[in-house]
Amino acid sequence: MTLDVRLTHRFPGFTLDVAFAGSDGVTALFGRSGSGKTSVVQAVAGLLRPEAGRILLAGAPLLDTARQVEVPVHRRRIGYVFQEGRLFPHLTVRQNLLYGHWFTGGGAATGLARVVDLLGIGALLDRAPADLSGGEKQRVAIGRALLARPRLLLMDEPLAALDEARKAEILPYLDQLARDSAVPILYVSHSLAEVLRLASHVVVLEAGRVLRAGPAAMVLSDPGAAGSLGPAGAGALLEGVVRTHTADGLTEVGIPAGSLLLPHVPAAAGAPVRLRVSAEDVILSRTAPVGLSALNILPAEVLALEPAGPGRVLVQVRLGPDRLLAALTERSALALGLVPGEPCHVVLKSVALAASGDASVWIPAAPDLSPSPGRGGA
Ligand SMILES: Nc1ncnc2c1ncn2[C@@H]1O[C@H](COP(=O)(O)OP(=O)(O)OP(=O)(O)O)[C@@H](O)[C@H]1O
């Protein structure tokens, strides 16, 4: 099921002008505070009527201002999960979960059992919302949205109100949801860690416009998106498979360009993993380096060089079918004589696990984009 969004809208001092297509799985809307993420989500939900635009879900219009089509909010069958759960305080968890059903007339028993299992909320069914932790409330809110049998789930910073421990508690459920549920998700976040873990597609918004959009790995390794992703954010997202665990406590992970050694990854051989390399953790060499302590050295090819602030360049290289960014000083790039098309070697100082097919695997934190101080200055 695809989502196709094209809209323009003016607020005083801010113009939203975006066009992008979502994908199956999770499409992340990523960008600084005030870049327009919530406005886009509200337009898709039908809570904001854009001045002009067309929004298609699975080819059918939710909105088409040129043809005066506007499907009312309650007919869109879109689930919306907000920052804080917004459960009905006077209803139990079970009643909250079934609330959406009363409108859609779905097969309550089977749907409830599946959603309760997916989100691990079986023990909470008879409790009142006041007796739940923040993470549990969010899981119930997600369950309620799913039980209304939505065609699309909108999640606007669903973890933003939670502390790190609660985020870590709920992320595996979101992972599972992204993998198991047939419902596509439009996920708003300015946390790169969440985006890297969950998203198959990323739309980077900047000042009301789409800066870059595409598969997560392409956007992360695109020098044009680096300014919005932050200095430690850009780099590469590599899909790999656990090959073996070595006797000295490392894990060998196969990626299309070869294999990488990581600190022990607690996942079985054959498990898919998503790896994250920050552009700051990549060294380039023209010749195969010798006598280095780094474990991960792979042949690559220079694709492009982009200025990245005073005295800095971002070098995009091809690593097998993958792309990767290296942040270098201009001086190093000149000294190395890096030009597009030339072979080189990448030395990876650090590789982090961004996600694992095994939801129980510990995921190290990736840097977040801190919200900028004021709104409207985007
Ligand atoms: N109802 C409104 N009236 C006037 N301006 C608005 C309104 N809603 C949003 N804006 C402005 O539109 C811009 C985008 O806001 P929006 O909430 O969509 O951004 P965002 O990327 O979701 O931000 P955040 O991450 O802080 O939630 C901001 O400048 C905001 O002040």
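Throughout, a residue's number is its position along its own chain's written sequence, starting from 1. With pLDDT at 70 or above as the cut-off, local features in this predicted model cover only qualifying residues; side-chain atom pairs require 80 or more to be listed or tallied, and sums for whole chains, interfaces and linings still use all residues. Calculated side-chain values reflect all of the structure's heavy atoms, with hydrogen atoms and water omitted.

- An unreviewed UniProt entry lists the protein under the name Molybdenum ABC transporter ATP-binding protein, from Pannonibacter tanglangensis.
- UniProt positions are given in the numbering used here, feature names are shortened, and annotations may be inferred rather than shown by experiment. Quoted verbatim from the Sequence similarities (unreviewed entry) heading of the UniProt record, the comment on the protein is "Belongs to the ABC transporter superfamily."

## Things to note about the overall build of the protein
Then comes step 1: Numbering of helices and strands runs from the N terminus; a helix is a DSSP stretch of H or I covering at least four residues, while a strand is a stretch of E covering at least two. Scanning the protein from terminus to terminus reveals ten helices and 21 strands.
Then comes step 2: When accessible area is computed with a 1.4 Å probe and restricted to protein chains, residues below 20% of their type maximum are described as buried, those above 50% as exposed, and intermediate ones as partly exposed. Counting the 378 residues in the protein, one finds 49% classified as buried.
Then comes step 3: Throughout, a contact is declared for two residues whenever any of their heavy atoms are within 4.5 Å. Once local pairs closer than 6 in sequence are excluded, the contacts in the protein between residues at least 24 apart make up 66%.
Then comes step 4: Values of accessible area rely on a 1.4 Å probe in the Shrake-Rupley scheme; residue burial ignores everything except the protein chains shown. Surface summary for the protein: the accessible area is close to 16700 Å², and the carbon and sulfur share equals 55%.

## Description of empty space enclosed by the protein
Then comes step 1: Buriedness of a pocket was judged along seven lines, with at least five required to meet protein on both sides within 12 Å; pockets are open sets of points on a 1 Å grid over the protein atoms alone, cavities are sets where a 1.4 Å probe fits but cannot get out, and lining residues have an atom within 4 Å of a point. Grid points are joined across faces, edges and corners, and a volume is the space filled by probe spheres set on the points. Following the criterion strictly, the structure yields one cavity of 30 Å³ or more and no others.
Then comes step 2: Taken as a whole, the largest cavity encloses approximately 50 Å³ of empty space.
Then comes step 3: Forming the walls of the largest cavity are eleven residues, and the residues nearest its centre are Leu3, Gly22, Ser23, Leu152 and Pro184.
Then comes step 4: Residue composition of the lining of the largest cavity, grouped by class: seven nonpolar, four polar and no charged. Under the convention adopted here, Pro, Cys and the residues Ala, Val, Leu, Ile, Met, Phe, Trp and Tyr are nonpolar, Asp, Glu, Lys and Arg are charged, and Gly plus all remaining residues are polar.

## Looking at the domain arrangement of the protein
Then comes step 1: Along its sequence, the protein is organised into domain 1 (3-222) and domain 2 (235-362).
Then comes step 2: Contacts between the two partners involve 16 residues from domain 1 and, on the opposite side, 14 residues from domain 2.
Then comes step 3: Take the accessible area each of two parts loses on contact, using a 1.4 Å probe, and add the two losses: that sum is the buried area. Summed over both partners, the interface of domain 1 with domain 2 buries about 1100 Å², with 52% contributed by carbon and sulfur atoms.
Then comes step 4: For the purposes of these results, a polar contact is taken to be a pair of N or O atoms within 3.5 Å, where, inside protein, one atom must be able to donate a hydrogen and its partner to accept one; residues adjacent in sequence count only when each atom of the pair is a side-chain atom. Connecting domain 1 to domain 2 are four residue pairs in polar contact (both at pLDDT 80 or more).
Then comes step 5: Those elements that place two or more of their residues in the side of domain 1 that touches domain 2 are helix H6 (164-180), helix H7 (192-198) and helix H8 (216-220). Each domain span listed reflects an automatic or database assignment of domains.

## Some points on the nonpolar core
Then comes step 1: In this structure, Leu97, Ile142 and Leu153 are the most contacted members of the largest nonpolar core, which totals 54 residues.
Then comes step 2: Counting residues per element, this core draws most heavily on helix H5 (residues 134-147), at six residues.
Then comes step 3: Of the domains in this structure, domain 1 (3-222) and domain 2 (235-362) are the two that each give at least three residues to this core.
Then comes step 4: Those residues within four positions of leucine 153 in sequence are excluded, and the remaining contacts are Gly79, Val81, Ala145, Leu146, Leu177, Val183, Pro184, Ile185 and Leu186.
Then comes step 5: Of all hydrophobic cores here, the second largest spans 32 residues; its members include Leu260, Leu298, Val313 and Val346. Among buried residues, those of type Ala, Val, Leu, Ile, Met, Phe, Trp, Tyr and Cys that are joined through side-chain atoms within 4.5 Å constitute a nonpolar core.

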